[in-house]
There are 2 protein chains.
Amino acid sequence: MQFKVTPWEVRGKINYEKLVKEFGVQKIDNKLLDKIESITGELHFMLRRKIFFAHRDLNWILNEYEKGNKFFLYTGRAPSGPIHIGHLLPWMFTKWLQDKFDVELWFQFPDEEKFLFKKNLKFEEVEKYLEDNILDVIAVGFDPEKTNFIIDTKHASLLYKQACKISKRITFSMVKSSFGLSEQSNIGSIFYTAMQAVPAFLPSILKNKKIPCLTPHAIDQDPHFRLSRDMLPKLGYYKPASIQCSFLPPLTGVSGKMSASEKETAVYTTDDEKTIRKKIMKYAFSGGQPTVEEHRKKGGIPEIDVSYQWLRYLFEPDDKKLEKIYYDYKTGKLLTGEMKEILIKKISEFLKEHNDKKKKAKKNINKYFEWFNFKSLP
Amino acid sequence: MQFKVTPWEVRGKINYEKLVKEFGVQKIDNKLLDKIESITGELHFMLRRKIFFAHRDLNWILNEYEKGNKFFLYTGRAPSGPIHIGHLLPWMFTKWLQDKFDVELWFQFPDEEKFLFKKNLKFEEVEKYLEDNILDVIAVGFDPEKTNFIIDTKHASLLYKQACKISKRITFSMVKSSFGLSEQSNIGSIFYTAMQAVPAFLPSILKNKKIPCLTPHAIDQDPHFRLSRDMLPKLGYYKPASIQCSFLPPLTGVSGKMSASEKETAVYTTDDEKTIRKKIMKYAFSGGQPTVEEHRKKGGIPEIDVSYQWLRYLFEPDDKKLEKIYYDYKTGKLLTGEMKEILIKKISEFLKEHNDKKKKAKKNINKYFEWFNFKSLP
C-alpha cells in the first residue's frame, strides 16, 4: 500500500526514509545530537531515541544561539476535538526545548483550519474544543512568562495583514502541488497556509528585529514550512528552522497516525483509568505470540508491539528500564498482558498528573494572552 | 475592440446592454423609478438620467422597506491612490439614498485589495492614502450617526472568521471564472472576495437578525456580489440587492473607466483650479467641430463630448439647464471652449466646497469607527 502524508491526511505504512527524501529534510545525526547536548547538558529521550529524527536548519539555529542570537519556538494546535496523547508528544518536547534554551514560545491555535478543511465541521464545534485544548496545552507546563498564545480568528487584526504579505508571494499552483489541493478546494483552505506562516515572523515584527524561529512539529506539517521558508526571506525575515518527529503509533498498529476521529485508536487526556485499561486491553496491537507457551518459547516482537512503542515514545523516559522491558519481551520473559499493565499504570499516573495541572490551568489562561493586550503593530 | 469588465480591469468601449445580459442583472425601468419616487418624493438626477441603470432585487428591497423591514447600505473604497471625481459619483448617490431612506451605511475600506492585486504596491503606500481617502468619504456628507467604516486589516478580528464561513462555500474554480483568476494568481487574491462579502451580512450578525442589504456600486463590482448572493442564503442571510451605475467617462474619451493611475484621465479632489483648467482644456475629449465656423454650422456632438458628459453625470443636476446646454451645443450655439468653461467653473466650485468639508472631517473620523469599540461578536 502506498503511504500518503499531507498536513490533513496520513495514510498507509509510513516509510520515513522515503519521506525524508521526498520532503527534502535532513536527518538528525549524532554530530548534531552532540552539539545539542553540549548546550543543553543532556539529551531528551525523544532525541536519544530518534523520535525527533529530522530537521531543517537546526545546525544554523544552534550556531546563532551560541553567538547569542536566541531563537523563539513556534508550534500549534488546530482545535476540532479532544486532545490525545499523540498531540502531547511534540508539546512535551517543545517544553523541554523552552526550558533548556530558555526561549519564548509562540503557540498558535488556528481555529479556522479544521473548519475550512472538514466538510461538516461548524465553528460552534471548534469553539467548544478550543478552550479545553488551551487548558491541555497549559497543563504541559509552558512558562507563562515566556509563552504567548495566538487564536487566528480572535487575533486576526494582527495576523491577517501579515498573512496577506505572505499570500501575495504564493500562487494557487504552488499550494496545489504542496498540499494536494484542487480547483474544487474552497478558497479559505487555499489561503490558509498564509495564516499558518505568520507566527514564524510575528515576533520579529513586534520586536522590530529579525529573530530566528524554530518549529517543533510532526513531519506531516512540513509542507507549510517548506513554502514559508521560501517566502519569509523575501519579506526580510529568517527562514524558519524546524525539528520534526514521527507519529505516535495508533493503538491499532504501528503504522499511520493516531486520529482523534477514530476513538479506538487513541487515548484522550480525558480518559479515566477504566477507559484507558479497556482501550489498551482491547485494542493495543500486540507483538506477542498467540499462546503463553509459544510466547515463552519464541518471545515477542517489541518493534510492532504498540504498548512497547508507547513506552518508548512517551511513558518510559529511562533508557535502562526501557531496555530491560525490550529484552524481557523479546526473550519471552515478559508477556503481552504484563506489558499492557506496565503501560496502563504509566499512562494513568501521567494523565492523573496532567489533569491536576489542567484544573489549575484555568486561572492562568489570561497570562498567555497578555502579549495581545499591549501590542500594536507598526 | 472587445471590451472587458472585471472588478480589477475595465478595458475597451463598454457595451452596457451586452454587460447587463452577460452579468445577468436587471435594467432599472420606469415602473421601478416610479416606485422609488413614491417613497423618496423625488428622483435623484442619476436615476432620472439612467446613470444608475441596473440592479439586482431592487424591487424586493423596496417592498421590504414599505413593509417596515429597513435595509442598510453597503459600499466601499479600496485605497491605493488619491480620490478622483469618478469615485465620488456612487458615493454621492449613496448619500442621497441614506438621506431619503434614513438608513445605516456600512462603508468598507479593503486596504488589502489593491495590495493583493497590484504587483508592486506596498502596504506602506496603501496606508498613505487610506486616511486621506477616509476624509474624502466623510466629506461626501454621510451621517456620522448612521455610518460605520470598516478597515479590513484593522477590523479583521471581526471580519476574518465571517470571511472563512463564506470562503468554505466558494471553490477556486468559481472565482477563476467569476474574476478571471488563474493558477498563477496569488492565494490572497483568490481569498479576497470572501472579505468583500462580509459587510453584506455583518450588521445582521451584530444585531442578531436578518437585515436586507443594498449595495450601490459601479457595475464592474458585480462579480463579487453575484458570488456572495449565491452564498449568503446558505448561511441564513438575505441575498444582497444592488443598484449599479455606469462609469464616469475618463477625460480622454467617452469609453472605458477613469483610472487613478493615468493622471491625465482624471480630476482629483486635490486638484486646484489651475490644474483643473489645464487638464480639461488640454485633455477633455471634445465633440466639437475642427473650426469655429464649422461648429456654428454643423453643431457639436454632446454624446461624445466629455465635458458635456461630466455635467450630465455629476455637475449639472438641473435637467432644464442641462437640456439647454445640450441643444445649444448640438446646434452650434455653444462652442467647445465655452462648454469647458462651464464645466471648469462647476468642478472648481464643487471641489472647493468638498475640500472645505474634508478639512473639517478630520475631527470627526472617530465617530465612524465607534461601532467597533463597543461591539463584540456572538
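One can find the structure itself at the top, above this paragraph.
The following paragraphs examine the structure supplied in this document.

Thresholds applied
- Residues numbered from 1 in each chain as written.
- Chains lettered and ligands numbered in written order.
- Predicted model: local features only at pLDDT ≥ 70, side-chain atom pairs only at ≥ 80, totals over all residues.
- Heavy atoms only, no water.
- Helix = DSSP H or I, 4+ residues; strand = E, 2+ residues; numbered from the N terminus.
- Rg over C-alpha atoms; globule rule 2.2 N^0.38 Å.
- Buried < 20%, exposed > 50% of the residue type's maximum accessible area, 1.4 Å probe, protein only.
- Contact = heavy atoms within 4.5 Å.
- Areas by Shrake-Rupley, 256 points an atom, 1.4 Å probe, with all protein chains shown as cover.
- Lys, Arg positive; Asp, Glu negative; His and termini not counted.
- Charge placed at Lys NZ, Arg CZ, Asp CG, Glu CD.
- Least-squares fit on C-alpha atoms with pLDDT ≥ 70 in both.
- Axes fitted to C-alpha atoms, helices over the stretch in contact; angles between N-to-C directions.
- Parallel < 35°, antiparallel > 145°, perpendicular 65-115°, else oblique.
- Left-handed = near helix turned anticlockwise from the far one by under 90°.
- Nonpolar A, V, L, I, M, F, W, Y, C, P; charged D, E, K, R; others polar.
- Polar contact = N/O pair within 3.5 Å; in protein donor to acceptor, adjacent residues only side chain to side chain.
- Patch = residues over 30% accessible without salt bridge, like charges linked within 9 Å, V, L, I, M, F, W, Y side chains within 5 Å.
- Salt bridge = Lys/Arg side-chain N within 4 Å of Asp/Glu carboxyl O.
- Buried area = accessible area lost by both parts, 1.4 Å probe.

**A short note on the overall build of chain A**
Each helix and strand in chain A was counted, giving 18 helices and 9 strands. Relative to the compact-globule value of 21 Å for 378 residues, chain A shows a C-alpha radius of gyration of 21 Å, a close match. Seen through its principal axes, chain A has C-alpha atoms that stretch 70 × 50 × 45 Å. Within chain A, buried positions represent 58% of all 378 residues. Here the analysis covers contacts within chain A between residues at least 6 apart in sequence; of these, 78% occur between residues at least 24 apart. Summed over all atoms, the accessible surface of chain A reaches about 16100 Å², with 50% contributed by carbon and sulfur. Across chain A, the centroid of the 64 positively charged side chains sits 2 Å from that of the 49 negatively charged ones.

**Overview of the relation of the copies chain A and chain B**
Its rotation angle being 180°, the transformation that places chain A on chain B also includes 0.0 Å of axial translation and leaves an RMSD of 0.0 Å. What the superposition gives is, in effect, a two-fold axis relating one chain to the other. Most of the interface of chain A is mirrored in chain B, where 100% of its interface residues again form contacts.

**Side note on the packing of helix α2 (residues 30-40) of chain A against helix α4 (residues 58-66) of chain A**
Residues and elements named next belong to chain A. Here α2 crosses α4 at 25°, and the two axes come no closer than 11 Å. For the element pair α2 / α4, the angle class is roughly parallel. Crossing handedness for the pair α2 and α4: left-handed. In this structure, α2 contributes L32, K35, I36, S38 and I39 to the contact, and α4 contributes L58, N59, L62, N63, Y65 and E66. Tallied by class, the residues present in the contact of α2 with α4 amount to 6 nonpolar, 3 polar and 2 charged.

**Quick look at the environment of Q108 of chain B**
All names here are of chain B. By secondary structure assignment, the location of Q108 is in strand β6 (residues 105-109). By relative accessible area, which is 2% here, Q108 ends up buried. In terms of polar contacts, Q108 uses its side chain to reach the side chain of Y74, at 2.6 Å. For Q108, the side chain forms a polar contact with the main-chain oxygen of M195, separated by 3.1 Å.

**Let's talk about unusual backbone geometry**
All names here are of chain B. Phi is positive for K50, which is not a glycine, with a value near 60°. Checked against the element boundaries, K50 lands in the loop between α3 (45-48) and β4 (52-56). Notably, D102 is not glycine yet its phi reads approximately 55°, a positive angle. Take D102: it is sitting in the loop between α5 (85-101) and β6. The class of D102 is partly exposed, set by a relative accessible area of 36%.

**Points about the packing of helix α5 (residues 85-101) of chain A against helix α15 (residues 306-315) of chain A**
The geometry of α5 of chain A relative to α15 of chain A is characterised by a closest axis approach of 10 Å and an angle of 35° between their N-to-C directions. Every residue of α15 of chain A that contacts α5 of chain A at I85, L89 and M92 of chain A is listed here: W310, Y313, L314 and F315 of chain A.

**A look at a nonpolar patch on the surface**
Residue and element names in this part refer to chain A. On the surface, F285, I301 and I304 cluster together into a nonpolar patch covering about 230 Å² of accessible area. Within the secondary structure layout, I304 lies in the loop between α14 (292-298) and α15. By relative accessible area, I304 is classed as partly exposed at 33%.

**A look at the pattern of salt bridges**
All names here are of chain B. On inspection of all chains with the given rule, the structure shows 56 salt bridges over all chains. A salt bridge links K27 to E17, with the shortest nitrogen-to-oxygen separation between them at 2.5 Å. Of this pair, K27 sits in strand β3 (residues 26-27) while E17 sits in helix α1 (residues 16-23), and the two are 10 residues apart along the sequence. Classification of K27 as partly exposed rests on a relative accessible area of 43%. For E17, a relative accessible area of 48% gives the class partly exposed. Among the ionic pairs, R49 bridges to D319, the shortest N-O distance being 2.8 Å. Taken together, the positions of R49 in the loop between α3 and β4 and D319 in helix α16 (residues 319-330) put the pair 270 residues apart, joining distant regions of the chain. The class of R49 is buried, set by a relative accessible area of 11%.

**Remarks on the interface of chain A and chain B**
Residue-level contacts link 37 residues of chain A with 37 residues of chain B. Of the roughly 3100 Å² buried between chain A and chain B on both sides combined, carbon and sulfur atoms contribute 64%. If you look at where chain A meets chain B, you find 4 salt bridges. Residues E183 of chain A and K176 of chain B are paired through a salt bridge, measuring 2.9 Å at the closest nitrogen-oxygen approach. The interface formed by chain A and chain B holds 26 residue pairs in polar contact (both at pLDDT 80 or more) in total. Those elements giving two or more residues to the side of chain A that touches chain B turn out to be α6 (113-117), α7 (123-139), α8 (156-167), α9 (172-179) and α10 (187-197) of chain A. Its residues placed into classes, the side of chain A that touches chain B shows 15 nonpolar, 11 polar and 11 charged.

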